[in-house]
Amino acid sequence: MTQSSSGTETILAYHEATKHSVESVRRGGHMLDFTNMPRPWKLYDAPLPETPLPSELTRTGVSVREALPGDGKPAGGGAEATLGKLASVLQLSAGITKRLRARNGYMYFRAAACTGALYHIELYVVSGPLPDLPAGVYHYGAHDNTLRRVRDGDYRAVVMEAAGLEGPPAAVVVYTSTFWRNSWKYGSRTYRHAFWDSGTILAHSTAAARASGMKAELITRYADAPINGLIDVDGATEASVALLSLGAGRDAPPAGGPARMDTPVIPLSRESIDYPQIREAHAATTLNDPAPVGPAPKHEEKDAASGGNLVPMGEGEPLTRTLEDVILQRGSSRRFARDPIRLSALAAMLDAAARPVQPDGCEADEAFNDMYVIANAVEGLPEGIYRYRASMRSLEQVSALETRALSEHLALDQPLGGDAAADLYFIADMPAVLERWGARGYRTAHLDASIRAGRVYLAAYALGLGATGLTFYDDEVVEAADAGSGSAVTFLVAVGVPWRNRSREGEQPEPS
């Protein structure tokens, strides 16, 4: 069933209503009630069968470069799915990587970045029988690295029908957002964050699957209700936002749509606040069955007006550090030195971002977003705003100007935006996306951007650089980038030299 035009109108209205401007930020006045702050993980209030996962990660020795797809095919290969490989995917996606003592206990850090460190994305696994793991539906408890069985039995057929899959996967990871956990701080804008944060996690998931030799395929056009019912969430306060199939499994037995079990869950906080715009946006993008899509776009990348404003990127620096080392040591930068980065380092990050994402139904070379770079301090690259031409591996200059003050302002007047060596913006032609993909395309455009940004994070850390996601003044970014009417900013990641790594001479440190 295709979505109606009212769905696209609703999601565009949501996007417009949740744009940031100088005026909207000044009149926001949102106060944080720390006495009602949600806890950062889901806890069931009932005993469930538990499968503790190995405390030590399997070290694949695969580099970040090798873990990223690059040939237009689904990530990974034909390795058998096992509990150990599944555990690595879960731990490198959402597991706890470190903890710091805080005033009221400990502060826990996860494998992937999340807006406000509120960690509202939950992971579930719908698995067929695996070595050391019975078939079932499981919730991944990040707090204790344990799978809890929500349902006993093989329900892959439910996912296959809901997603229109032809061959049975070995397992499917379901990503959900518990909206209140993020809207406590960010209000209605949380619906964007649901896809920002699940996308950065998915960048880790797909890389981890590839490193372990498993095939991984992103699924976005599935029927929502059967998936939500299967993992026992209500689809309102917690809802699925993406699926990732892993490996190839044996035939899945038929399975009817299971009833909700309503397993009791400990409340996230004393009370939760409802944000109607989130509910309306989610309803507008919900599908009743796997959605068909419109005609594929013609892949014609326009040449720059003249060869004089194209900057060839050259070879990017090799991303040789292992995936596990990079993820376990990562952490979003809280302060950048104003030191420059090398052009070859920027080339490596842009190359990582340009690797294919390929959600279901997408053409091999189709991308939902264009990438723009505000260059503040890149050796050999004049300050200015550039559009990345992936097919030519070149930057096309949009404007030549001093950018430090501008990049700070566009990033919601946050110093990190101006201190960064470069700000990478992802911008979608949203009318074209919605015409081809319907309102559901709003979700996928944000997922596409955040997965690509997640790869920028990985590349930056592999090079010994820092990265952090920031928010922005929507319309001012579109205007500065000359991106065109109807364009929507879908992600911003700032990259640069972390303050702690600055050199006394002001030179960029060598990659570690």
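Here the structure is a predicted model, which is why all the values come from computation and not from measurement.

Describing the environment of P169
Position of P169 among the secondary structure elements: in the loop between α5 (156-163) and β8 (171-178). By relative accessible area, P169 is classed as buried at 4%. With 88 residues separating them in the primary sequence, P169 and A81 have C-alpha atoms 9.4 Å apart. With residues up to four places along the chain from it excluded, the contact list for P169 reads R156, M160, S245, L246, G247, A248 and G249.

What about the packing of helix α7 (residues 190-211) against helix α15 (residues 440-462)?
Remark: α7 packs on α15, axes separated minimally by 7 Å, with the N-to-C direction vectors making an angle of 50 degrees. One element, α7, and the other, α15, form an angle in the oblique class. The handedness of the crossing between α7 and α15 is right-handed. Here α7 contributes Y191, R192, F195, W196, S198, G199, T200, L202, A203, H204, T206 and A207 to the contact with α15, which in turn contributes Y442, R443, H446, L447, S450, I451, G454, R455, Y457 and L458. The class makeup of the residues in the contact of α7 with α15 is 11 nonpolar, eight polar and three charged.

Here we look at the sheet that holds strand β15 (residues 422-429)
Strand order in the open sheet formed by seven strands is β11-β14-β13-β12-β15-β17-β16, with antiparallel pairing between adjacent strands. The open sheet has two free edges, formed respectively by β11 (310-312) and β16 (466-469), since each of these has just one partner strand. Each strand of the sheet is rotated relative to its neighbour by a mean of 30 degrees, with strand direction disregarded. Pairing between β15 and strand β17 (residues 487-496): eight bridges, direction antiparallel. Pairing of A428 across the sheet is with A488, part of β17. Along the sheet, helix α14 (residues 430-437) makes contact with β15 and β17, crossing β15 at roughly 45 degrees. The strands touched by α15 are β15, β16 and β17; relative to β17, the strand with the most contacts, the crossing angle is about 10 degrees.

A few points about the packing of aromatic side chains
For any pair of aromatic rings, geometry is given as the distance between the ring centres together with the angle between the planes. Overall, the coordinates contain 11 aromatic pairs when judged by the stated rule. Between the aromatic rings of W41 and Y108, the centroid separation amounts to 5.3 Å while the plane-to-plane angle is 65 degrees, which identifies the pairing as edge-to-face. In this pair, W41 is assigned in the loop between α2 (22-26) and β1 (50-52) and Y108 in strand β4 (residues 105-110), connecting sequence segments 67 residues apart. We classify W41 as buried; its relative accessible area is 16%. When its relative accessible area of 28% is taken as the criterion, Y108 is described as partly exposed. Between F179 and Y191 the ring centres are 6.0 Å apart and the planes differ by 50 degrees, which places this aromatic pair in the tilted class. Remark: Y191 occurs in helix α7 and F179 occurs in helix α6 (residues 179-186); sequence separation between them is 12 residues. Assigned by exposure class, F179 and Y191 land together as buried. Grouping aromatic residues by their ring pairs yields a cluster made of Y14, F179, Y191, F195 and Y442. One Lys or Arg, R189, reaches over the ring of F472 and ends 5.1 Å from the middle of that ring. Over the face of the ring belonging to Y222 we find R440, whose NZ or CZ atom lies 4.7 Å from the ring centre.

A word on unusual backbone geometry
One non-glycine residue, D232, lies in positive phi territory at about 65 degrees. As for its position among the elements, D232 is in the loop between α8 (224-230) and β10 (238-246). Since its relative accessible area comes to 7%, D232 is described here as buried. Phi at D262 is positive, roughly 55 degrees, even though this residue is not glycine. When you line up the elements, D262 lands in the loop between β10 and α9 (276-284).

Some details on the environment of W184
Counting through the fold element by element, W184 comes out in helix α6. Among the residues examined, W184 registers a relative accessible area of 4% and is labelled buried. Spatially, the C-alpha atoms of W184 and S269 are 10.0 Å apart, while their sequence positions differ by 85 residues. The residues contacting W184, other than those within four sequence positions of it, are H30, L32, D33, F34, N36, M37, P38 and L118. Reaching out from W184, the side chain makes a polar contact with the backbone oxygen of D33 at a distance of 3.0 Å.

Observations concerning the pattern of salt bridges
All told, the structure shown has 27 salt bridges when counted by the stated rule. For E271, the salt bridge is made with R270, and the minimal N-O distance between the two is 4.0 Å. For E271, a relative accessible area of 45% corresponds to the partly exposed category. Three or more residues joined by partner-sharing salt bridges are found here, namely E16, K19 and D475.

The rules behind each value
Residues numbered from 1 in each chain as written. Predicted model: local features only at pLDDT ≥ 70, side-chain atom pairs only at ≥ 80, totals over all residues. Heavy atoms only, no water. Helix = DSSP H or I, 4+ residues; strand = E, 2+ residues; numbered from the N terminus. Buried < 20%, exposed > 50% of the residue type's maximum accessible area, 1.4 Å probe, protein only. Contact = heavy atoms within 4.5 Å. Axes fitted to C-alpha atoms, helices over the stretch in contact; angles between N-to-C directions. Parallel < 35°, antiparallel > 145°, perpendicular 65-115°, else oblique. Left-handed = near helix turned anticlockwise from the far one by under 90°. Nonpolar A, V, L, I, M, F, W, Y, C, P; charged D, E, K, R; others polar. Pairing = 2+ DSSP bridges. Phe/Tyr/Trp six-rings, centres within 6.5 Å; stacked < 30°, edge-to-face > 60°. Lys NZ or Arg CZ within 6 Å of the ring centre and 35° of its normal. Polar contact = N/O pair within 3.5 Å; in protein donor to acceptor, adjacent residues only side chain to side chain. Salt bridge = Lys/Arg side-chain N within 4 Å of Asp/Glu carboxyl O.

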